[in-house]
Amino acid sequence: MPPTFFATRGHLLICQHTNCKARGSELLYRALWNALERDKLVYYKTGGSLRLTESGCLGACSFGPVMACYRARNGVVEEAWYAAVDFPLARQVAQAMHDETELPDLQRYGP
Ligand code: FES
């Protein structure tokens, strides 16, 4: 029997490497995970759509915690990278990804 795949709208990755951890990325990851679970935004909850995973170094070590986001919207893959991420910003980005609205510009860098 083939595996069951869940539809997702977006994927958030939070760096858990040394420099980001020193700036609180472990707590940020856990807090965002708890919020996505509580608010049913994770892909395996009814109506949810997001994946959240830990990542290795994302290459912006002096500006952590760093979060990278990918989503497909209107047939185009979008990516957004954020530096010095705190919980309110991470939660705001996650909600925008779920709602398929514009991603916040605050602390965004890269593409
Ligand atoms: S340690 Fe997080 S971006 Fe390098």
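So, here's what we can say about the structure.

### Some remarks on the packing of aromatic side chains
Tallied over the full model, the rule gives four aromatic pairs. With centroids separated by 6.4 Å and ring planes inclined at 45 degrees, the aromatic side chains of tryptophan 33 and tyrosine 44 adopt a geometry described as tilted. Taken as a pair, tryptophan 33 in helix H2 (residues 25-38) and tyrosine 44 in the loop between H2 and strand S2 (50-55) lie far apart in primary sequence, 11 residues in all. Accessibility expressed as a relative area gives 27% for tryptophan 33, which makes it partly exposed. A centroid spacing of 6.3 Å and a plane angle of 65 degrees characterise the contact between tryptophan 81 and tyrosine 109, whose relative ring orientation is edge-to-face.

### Here we look at unusual backbone geometry
Looking along the chain, the bond that leaves glycine 64 and enters proline 65 is cis, with omega of -5 degrees. Examined against the element boundaries, proline 65 turns out to sit in the loop between S2 and strand S3 (67-73). You will see that lysine 40, though not glycine, has its phi angle at about 60 degrees, which is positive. At glutamine 107, a position not held by glycine, the phi torsion is positive, near 60 degrees. Tracing the sequence through the fold places glutamine 107 in the loop between helix H3 (87-99) and strand S5 (108-109). Take glutamine 107: its relative accessible area is 35%, and that puts it in the partly exposed class.

### Overview of the packing of H2 against H3
It is the contact of H2 with H3, at a shortest axis distance of 10 Å, that shows an interaxial angle of 40 degrees. By the angle between their directions, the pair H2 and H3 is classed as oblique. Here H2 runs over H3; the crossing is right-handed. Here H2 contributes Leu28, Ala31, Leu32, Ala35 and Leu36 to the contact with H3, which in turn contributes Phe87, Ala90, Arg91 and Ala94. Per-class residue counts for the contact of H2 with H3 are eight nonpolar, no polar and one charged.

Rules behind the numbers
Residues numbered from 1 in each chain as written. Predicted model: local features only at pLDDT ≥ 70, side-chain atom pairs only at ≥ 80, totals over all residues. Heavy atoms only, no water. Phe/Tyr/Trp six-rings, centres within 6.5 Å; stacked < 30°, edge-to-face > 60°. Helix = DSSP H or I, 4+ residues; strand = E, 2+ residues; numbered from the N terminus. Buried < 20%, exposed > 50% of the residue type's maximum accessible area, 1.4 Å probe, protein only. Axes fitted to C-alpha atoms, helices over the stretch in contact; angles between N-to-C directions. Parallel < 35°, antiparallel > 145°, perpendicular 65-115°, else oblique. Left-handed = near helix turned anticlockwise from the far one by under 90°. Contact = heavy atoms within 4.5 Å. Nonpolar A, V, L, I, M, F, W, Y, C, P; charged D, E, K, R; others polar.

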